[in-house]
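Topology and contacts: notes
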Amino acid sequence: MLRRAARRLSSSVKAQRNAAIQKRRDARLKTINTPYVAPSVDARERVGSRGVYLRHSTFEADGACEELTKLLRRWSAHSLVKAVVIEGVQGAFRTGDRASLYRAAAACDAPITQLVDGLLLPGGVGLGGRGFRVCGDGAVFVPPLGAAAVEAGVTLDGGAAFACSRTGNYGRAALVSGLPVRGTALKACGLATHVVTDHALQNLAEELADVADQASDAAAARVAIQAHLDDREQASRALLNEEGEVAAAAFLELGDAAFVDGDVDAILGRLAKLDGDDAAEAAAQLSTHRDRAAALLAL
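Residues numbered from 1 in each chain as written. Predicted model: local features only at pLDDT ≥ 70, side-chain atom pairs only at ≥ 80, totals over all residues. Heavy atoms only, no water.

Each helix and strand counted, the chain has 14 helices and nine strands in total. Taking all 299 residues of the chain together, the buried fraction comes to 44%. A separation threshold of at least 6 residues defines the contact pool for the chain, and within that pool the share at least 24 residues apart is 72%. About 15,400 Å² of surface is accessible on the chain, with carbon and sulfur atoms providing 54% of the total. (Helix = DSSP H or I, 4+ residues; strand = E, 2+ residues; numbered from the N terminus. Buried < 20%, exposed > 50% of the residue type's maximum accessible area, 1.4 Å probe, protein only. Contact = heavy atoms within 4.5 Å. Areas by Shrake-Rupley, 256 points an atom, 1.4 Å probe, with all protein chains shown as cover.)

Here you go:
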């Protein structure tokens, strides 16, 4: 009798064990058959730094803005995180509280470095907080009043307006001329802290992560990162795209000639006296979007 009871108990234990094994197998099979869905915010962790890669789809995804805000706040509170590097598309989130995101970026103790090798949209300017924005010589700022920007629904944003408001003529020209901004003009307008060649930008994320890993804390990392970026900019100076620099010089010349104050009528009057396609295009855009321009210049 005892043997039969033992056999029944053994059979019950085996059945439970087999059921558990089958359950684990089913779970693994479900995982294998489930299609991979890329995270809305692709975060990459290193010992002393964090990286973020932003895609076009990121800015359309529900909750992505809030997710990035939470990440920045968590990293800022983490003493071992000494730097944050943002790569990919630099745009504005379609949904979510962008103001909270920009406040989180500005409050982040770890320096944030944006690497821009394509379009820099107005809403992307605020992602860098108090850190650095490094643009390749092929990067282009999409102006809030430009025809392509208006057609694409590019939103006006405090990030670009704040950055440009501190650089006088050039910042005003970037905000309301409707003309694209390239090359070293990005730095003159307050849209970039450094301008390097696109080639120098390729490995910069890894270089900055290495610099942060070697720093003792976030404050030391900020100093070391700035020194590294200064060196990269100096090395790039003679190699910047010539066509882009010609366009940059022409843009700055127009800023000095026409955007010496924030009065829309006065700017239009000065543009009317200038020759060239850029002056005509700026006048046309400014006339078409007069109210929008006045609101930006009043910020």
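We are not done yet, so read on.
Ordered by their spatial adjacency, six strands build an open sheet running β1-β2-β3-β4-β6-β9, and the pairing between neighbours is mixed. With partners counted over all chains shown, the strands left at the sheet margins are β1 (42-45) and β9 (194-196), one partner each. Direction aside, the axes of adjacent strands within the sheet are offset by 20° on average. Sheet analysis places strand β4 (residues 112-116) next to strand β6 (residues 132-136), joined by four bridges and oriented parallel. Within the sheet, the bridge partner assigned to T113 lies in β6 and is F132. Packing of helix α10 (residues 218-236) onto the sheet brings it into contact with β3 (83-88), β4, β6 and β9, and relative to β9 it is tilted by some 45°. (Pairing = 2+ DSSP bridges. Axes fitted to C-alpha atoms, helices over the stretch in contact; angles between N-to-C directions.)

Next up on the list: the packing of helix α9 (residues 204-214) against α10. One can describe the packing of α9 onto α10 by two numbers: an axis separation of 9 Å at closest approach and a directional angle of 145°. When you trace α9 past α10, the crossing you get is right-handed. Two secondary-structure elements touch here, α9 through L204, E207, L208, V211 and A212 and α10 through A221, A224, I225, H228, L229 and R232. Grouping the amino acids of the contact of α9 with α10 by side-chain chemistry returns eight nonpolar, one polar and two charged. (Left-handed = near helix turned anticlockwise from the far one by under 90°. Nonpolar A, V, L, I, M, F, W, Y, C, P; charged D, E, K, R; others polar.)

If you walk through the whole model with that rule in mind, you get one aromatic pair. Look at F59 and F93: their rings are 4.8 Å apart centre to centre, the planes differ by 50°, and that puts the pair in the tilted class. Here F93 lies in the loop between β3 and α3 (98-107) and F59 lies in the loop between β2 (49-54) and α2 (64-77), a separation of 34 residues in the sequence. With relative accessibility at 5%, the residue F59 sits in the buried group. (Phe/Tyr/Trp six-rings, centres within 6.5 Å; stacked < 30°, edge-to-face > 60°.)

Another point: the side chain of Q114. Note on placement: Q114 falls in strand β4. On the accessibility criterion, Q114 (0% relative accessible area) is buried. Polar side-chain contacts of Q114 include one of 3.0 Å to the side chain of R133. (Polar contact = N/O pair within 3.5 Å; in protein donor to acceptor, adjacent residues only side chain to side chain.)

As enumerated under the stated definition, the model contains zero disulfides in all. A disulfide-free cysteine, C189 has its sulfur positioned 6.0 Å from the sulfur of C164, the nearest such atom. (Disulfide = S-S within 2.5 Å.)

Moving on, we get to the nonpolar core. By size, the foremost hydrophobic cluster in this structure holds 41 residues, and its most contacted members are F141, V176, L191, F251, L271 and L286. Put simply, the parts of the chain that give this core at least two residues each are α5 (158-165), α6 (168-176), α7 (185-188), α11 (242-258), α12 (264-272), α13 (277-288) and α14 (290-297). Examining the composition of this core, we find that five residues originate from one element, α11, more than from any other. Apart from the residues lying within four places of it in its own chain, the contact partners of L191 are L120, V125, R133, C135, F141, C164, A174 and L186. L101, A104, A105 and C108 belong to the second-largest nonpolar core, a separate cluster that totals 22 residues. (Core = buried A, V, L, I, M, F, W, Y, C linked by side-chain atoms within 4.5 Å.)

Among the residues making up α12, those that are buried are V264, I267, L268 and L271. Seen end-on, α12 carries its buried residues on one side only, within an arc spanning 100°. Structurally, α12 contributes buried residues whose contacts are with α11, α13 and α14. A side-chain oxygen of the first residue of α12 lies 3.0 Å from the backbone nitrogen of D265; this N-cap is D263. (Arc of directions from axis to C-beta.)

Our focus in this paragraph is the pattern of salt bridges. Summed over the entire model, instances satisfying the criterion amount to twelve salt bridges. In this structure, D210 and R46 form a salt bridge, with 2.7 Å as the shortest nitrogen-oxygen distance. Taken as a pair, D210 in helix α9 and R46 in the loop between β1 and β2 lie far apart in primary sequence, 164 residues in all. For D210, a relative accessible area of 35% gives the class partly exposed. Between D261 and R270 there is a salt bridge whose closest N-O contact spans 2.8 Å. Take D261: its relative accessible area is 26%, and that puts it in the partly exposed class. You can call R270 partly exposed: its relative accessible area is 22%. Because the salt bridges share partners, they merge into one network encompassing R46, E206, D210 and D213. (Salt bridge = Lys/Arg side-chain N within 4 Å of Asp/Glu carboxyl O.)

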